[in-house]
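# Structural characterization, general
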Amino acid sequence: MFPYRIVSVTPELPELINRLRDIAYDFWFSWNPAGIEFFRSINPELWREVEHNPVKFLMRVRKEDLERAAQDEDYLALYKRVFDLYDRYMSQETWFAKKYPEHKGDLIAYFSAEFGLHESHPIYSGGLGLLAGDHCKSASDLGLPFIGVGLLYKQGYFHQRINSAGKQEAEYPHLNFYELPITPVNNSDGSQLDVTVELDGRTVFVQVWKVKVGRITVYLLDTDTSKNAPQDRNLTGQLYGGDREYRLSQEIVLGVGGVRALRAMKINPGAWHINEGHAAFLIIERIRELMRYMVSFETAREVVRASTIFTTHTPVPAGHDLFTEELIIKYFNQIVSEMGINIKSLEDLAWDVDRNSFNMTLLALRHAFLANGVSRLHGKVSRRMFQSEYSSLHPEEIPVTSVTNGVHVETWLAVELKELLARYIGKKWFERIAEGEMWEKVDQIPDQELWRVHRQLKEKMISFARLNLKQQRRRNREPVQNILEIDEYLDPDILTIGFARRFATYKRAALLFRTPERLERLLNNNERPVRFVFAGKAHPADTLGQELIKKIYDYSHKPGFRGRIVLLENYDIHLARHLVHGVDVWLNTPRRPMEASGTSGLKASLNGLINVSTLDGWWPEAYDGKNGFVVGSDSTYLNEEVQDQDDCFSLYSVLEDKVIPMYYRREDGFSPEWVRMMKETIKTIAPVFNTGRMVAEYTDRFYIPAINRGKMFAANDNYLGNHAGNFKKLILDYWDQVSFVSVESSGRTKMLAGEEIKITAVVNLGLIYTRSVILEIVYGEAVEGELRNINVVPMALEGEIAENIYRYNGSLTLPQGSYGYTVRVRPDSRDFPHTELPLVTWAPVF
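## Description of the pattern of salt bridges
A full pass over the atoms with the stated rule returns 70 salt bridges. Among the salt bridges present, the one from Glu338 reaches Arg288, with a minimum N-O distance of 2.9 Å. Here Glu338 is found in helix H13 (residues 325-339), whereas its partner Arg288 is found in helix H11 (residues 281-291), with 50 residues between them in sequence. The exposure class of Glu338 is partly exposed, given its relative accessible area of 41%.

Spelled out as structure tokens, the structure:
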């Protein structure tokens, strides 16, 4: 193919509506109904045709349509209203400005491999990307000084097609970046900004683009430039595509190239948030930067760690990127040479002994000041998963906390429900999303009004589902009667259950089909029938996930199931929006505890859909007995087959005994019980499980502490970083000399409440100073052979009784119950939490 240049040509905008482009290039439109109507009303058919892409819309809209809009008083009123809202949004004082005025100039950088902002910008695959998109929108709402950094994929994530055999086919679109709501970042001379990264001895050029999301910007990196060889132009071709070497190259572009792009734009973040391990190579690049200024390797690690935050999103082993030693040597020899260290030192930053691999999750975890999972249960699971990293610590002390995910309410709440809330709660309800008292006013909405809106949304969903199925069957050249019968599929009067998410095997999309005869009875009950709508993609390399899709497809064509189970194709934001607005029940059946959070159910709950879910992810925190239904229990299973069998039986019991009877206990066309549960769902989920709360929590607990700590460690020529590095090296070198000589306790196996236990410990500290350690009594409830809910009591130094041998005293009074206690010695420094240096020597049995 011969070279050519791309030029985007758009019509000149009439003077009265000449700011249309401002909104077209700002994803603010995506969560504002007036912003969407702003474009749609000019030409509804074209708006659908361009898949709601405002930039593409302006490139294709006819000049006469624009002129007609500019002369339409109703449209001009809408235009004025949109820009009044937009300008007020962009200029008003924000939550962050009020709470943290002293941090106005302290930037937060958020690195993620995918961002799900809108269907017109398909660089996301699932929950991770959608969470990142919602995170950015709430960062804008709250006014954080915040930027995102990601990759711009030429082919994005695949479009899913289901063929006539029920097999998933992956089609990769070829995105024209000049038709997307993005713009290139330019140098002062007008040329497009690029930076370079080194990959296997060659230089790769990386272009930088920017995406506006309200008040914040997301920067996207792209290797598809004529400066690169063909294989390197394709490095940012597909999201989660290619082999391990391709993935490694992408992650170097994201992590190393991302840091270099920010520096080229003179952007110097105060906090660095790694959203899953894909971007963790930014740590190596930041260490390399500091070492160029004659900072030692260990000091650089401490300074980088001080301002780094890491969020892990999966307890599934396949979700953690691993690379062989051979690949690490091949791709990092040059950086190692620049840093003046050996390859072993670099590998040790993230070496996973158990898997004999370089582990990106460990790279992030070992260099994060703060780390978290995305629900309370996931935090607990993550602490257990990383226990080998912190084998000396009590499991409760492993430094992975949790911030439970949320969703961006204004993005996912149906317009019709927004209007209902405005009528009964207040026109500015969206400014008070986190106020639980405000949501109590949902009870004031008349039952018939809420049901009317739900019914309206259900009808829209059914129309959309039928269209999706018809397109699928026409493309597969099915007979005309197979297409016409779709008009009879689904019914707004029939209970409709939705299941839509990635078809990863642990999510158990086919759990219902373990007992197909029981399912068939549910579907064909004359008095209380049920319908199921399925949607979801399986990764092109996930054959088991694709088999699940085929299984459901095959069932959907069997007698007794046909028309009662439907499988929609190409699950994306647009399809998800219809489903989370319009089904009656949201079904969620992950194999506990494999779901980190799961945000699709949150989107459904906002819209009053009833959750039927296993106790996994966010659901254990939200379920209160009145806002949905639980499948299975919180029991621990050692056998997955037994767990699946039990959960399947529980699911059918819940559906047959609770869900279906409640839905069909109707009065005047609907079930009052059902509507009460819809209201309870909205009231309990909306104020807590939203990204406004989530991002505010990250700010208070993570961003501000990381910014402050980063400044402290870098101040005075990295003095604290240097001190912490030296301290850790000293302790590591001599910790093997630490041991207990003796421990004596006045405690007995049976004691009375209020009795004091006196403990004396004698320890040999070797060459480590007493001021560098602390002795502690550790106690907790004795449950199932372990200590839980532990507490610590420091012991006092009595004195040195021989060379390097010291006596410590302490006492303990236990509350009533069954408790265990012991003694330990650990490093102690005011410069970092002890979990950063997880060396603990526990007392032997005494």
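## Some thoughts on the side chain of Asn43
Take Asn43: it is sitting in the loop between helix H2 (33-40) and helix H3 (44-49). In terms of polar contacts, Asn43 uses its side chain to reach the side chain of Asp65, at 3.1 Å. Asn43 has contacts with Phe57 and Asp65, leaving out every residue within four places of it along the chain.

## Examining the layout of surface pockets
When its volume is computed, the second largest pocket comes out at roughly 1400 Å³. Along the walls of the second largest pocket sit 42 residues, with Glu410, Lys428, Trp429, Phe430 and Glu431 positioned nearest its centre. Breaking the lining of the second largest pocket down by element, the ones donating at least two residues are H2, helix H6 (73-91), helix H7 (95-99), helix H8 (127-142), helix H17 (409-412), helix H18 (415-424) and helix H29 (691-734). At 5 residues, H6 tops the list of elements feeding residues into the lining of the second largest pocket. In the lining of the second largest pocket, the residues fall into 18 nonpolar, 8 polar and 16 charged.

## A look at unusual backbone geometry
Peptide bonds are mostly trans, and most non-glycine residues show a negative phi. A cis amide bond links Arg592 to the next residue, Pro593, at an omega of 0 degrees. Positionally, Pro593 belongs in the loop between strand E19 (585-588) and helix H25 (600-606). For Glu51, which is not a glycine, the phi torsion comes out positive at approximately 55 degrees. Here Glu51 shows up in the loop between H3 and helix H4 (54-60).

## Let's talk about H11
Of all 11 residues making up H11, 11 are buried, and the element is well covered by its neighbours. Every buried residue of H11 is listed here: Phe281, Leu282, Ile283, Ile284, Glu285, Arg286, Ile287, Arg288, Glu289, Leu290 and Met291.

## Observations regarding empty space enclosed by the protein
For the coordinates displayed, the defined rule picks out 4 cavities of 30 Å³ or more. Here the largest cavity is characterised by a volume of approximately 70 Å³. Considering the residues around the largest cavity, the lining is formed by Leu469, Gln472, Arg473, Tyr489, Tyr553, Ser556, His557, Ile565, Val566 and Leu567. Every residue lining the second largest cavity is listed: Ala113, Leu151, Tyr153, Tyr240, Arg247, Gln250, Glu251, Leu254 and His278.

## Concerning the packing of aromatic side chains
Scanning all chains against the criterion turns up 44 aromatic pairs. Considering the side-chain rings of Phe513 and Phe534, the 5.9 Å spacing of their centres and the 40 degrees angle between planes classify their relative orientation as tilted. A residue pair is termed long-range when its members are at least 10 positions apart, and Phe513 in the loop between strand E16 (495-500) and helix H22 (516-523) and Phe534 in strand E17 (residues 530-535) qualify at 21 residues. On the accessibility criterion, Phe513 (3% relative accessible area) is buried. Over the aromatic face of Phe177 sits the side chain of Lys154, whose NZ or CZ is 4.4 Å from the ring centroid. Just above the ring of Phe499 sits the side chain of Arg501; from NZ or CZ to the centre is 4.5 Å.

## Some thoughts on the sheet that holds strand E20 (residues 610-614)
Hydrogen bonds between backbone groups are what pair the strands of a sheet, and the pairing can be parallel or antiparallel. The parallel open sheet is built from 6 strands, whose spatial order is E18-E17-E16-E19-E20-E21. What marks the edges here is a single partner per strand, and that holds for strand E18 (565-568) and strand E21 (628-631). Averaged over neighbouring strand pairs, the angle between their axes works out to 20 degrees when direction is ignored. Sitting on the sheet, helix H20 (residues 447-475) touches E16 and E18, and the angle it makes with E18 is about 70 degrees. Lying on the sheet, helix H23 (residues 543-556) is in contact with E17 and E18; it crosses E18 at an angle near 135 degrees.

## Observations regarding the packing of helix H12 (residues 297-306) against H29
Where H12 meets H29, the axes come as close as 8 Å, and the angle between the chain directions of the two elements is 150 degrees. By the angle between their directions, the pair H12 and H29 is classed as roughly antiparallel. For H12 against H29, the interelement crossing comes out right-handed. Taking contact as the criterion, the partners of Thr299, Glu302, Val303, Arg305 and Ala306 in H12 are, on H29, Ala706, Arg709, Gly710, Phe713, Ala714, Asn718, Gly721, Asn722, Ala724, Gly725 and Lys728. Among the residues making up the contact of H12 with H29, the classes are represented as 6 nonpolar, 6 polar and 4 charged.

## What to know about the side chain of Thr94
Looking at the secondary structure, you find Thr94 in the loop between H6 and H7. Within the local environment of Thr94, its side chain forms a polar contact with the backbone nitrogen of Ala97, the two atoms lying 3.2 Å apart. Leave out the neighbours within four places in its chain, and Thr94 touches Leu142, Gly143 and Arg215.

Calculation rules
- Each chain has its residues counted from 1, following the order in which its sequence is written.
- It should be noted that, the model being predicted, local features are given only for residues of pLDDT at least 70 and side-chain atom pairs only at 80 or more, the latter also being counted only at that level, while totals for whole chains, interfaces and linings use all residues.
- Hydrogens are left out, water is left out, and the side-chain values use all remaining heavy atoms of the structure.
- Think of a salt bridge as a Lys or Arg side-chain nitrogen and an Asp or Glu carboxyl oxygen that are within 4 Å of each other.
- Secondary structure elements are taken from DSSP: a helix is a run of H or I of four residues or more, a strand is a run of E of two residues or more, and numbering for both begins at the N terminus.
- Note on exposure labels: buried denotes an accessible area under 20% of the residue type's maximum, exposed denotes more than 50%, and partly exposed covers the range between, all computed with a 1.4 Å probe on protein chains only.
- Pairs of N or O atoms within 3.5 Å make up the polar contacts considered here, provided that, within protein, one atom can donate a hydrogen while the other can accept it, and that residues adjacent in sequence are counted only when both atoms are side-chain atoms.
- In what follows, a contact means two residues having at least one pair of non-hydrogen atoms within 4.5 Å.
- Detection works on a 1 Å grid of protein atoms alone, calling trapped sets that fit a 1.4 Å probe cavities and calling open sets with protein on both sides within 12 Å along at least five of seven lines pockets, with lining residues defined by an atom within 4 Å of a point.
- Grid points are joined across faces, edges and corners, and a volume is the space filled by probe spheres set on the points.
- Residues are grouped as follows: Ala, Val, Leu, Ile, Met, Phe, Trp, Tyr, Cys and Pro are nonpolar; Asp, Glu, Lys and Arg are charged; every other residue, Gly included, is polar.
- Only the six-membered ring of Trp is used, alongside the rings of Phe and Tyr, when aromatic pairs are assigned; centres must lie within 6.5 Å, and planes under 30 degrees apart are stacked while those over 60 apart are edge-to-face, with the rest tilted.
- Our definition puts a charge over a ring when NZ of Lys or CZ of Arg is within 6 Å of the ring centre and also within 35 degrees of the ring normal.
- Paired strands, in this sense, are two strands between which DSSP finds at least two bridges.
- Here the axes come from fitting lines to C-alpha atoms, over the contacting stretch only for helices, and the angles between their N-to-C directions go from 0 to 180 degrees.
- Comment on the angle field: the value is read as roughly parallel under 35 degrees, roughly antiparallel over 145, roughly perpendicular from 65 to 115, and oblique elsewhere.
- The crossing is said to be left-handed when, going from far helix to near helix, the turn is anticlockwise and less than a right angle, and right-handed when the turn is clockwise.

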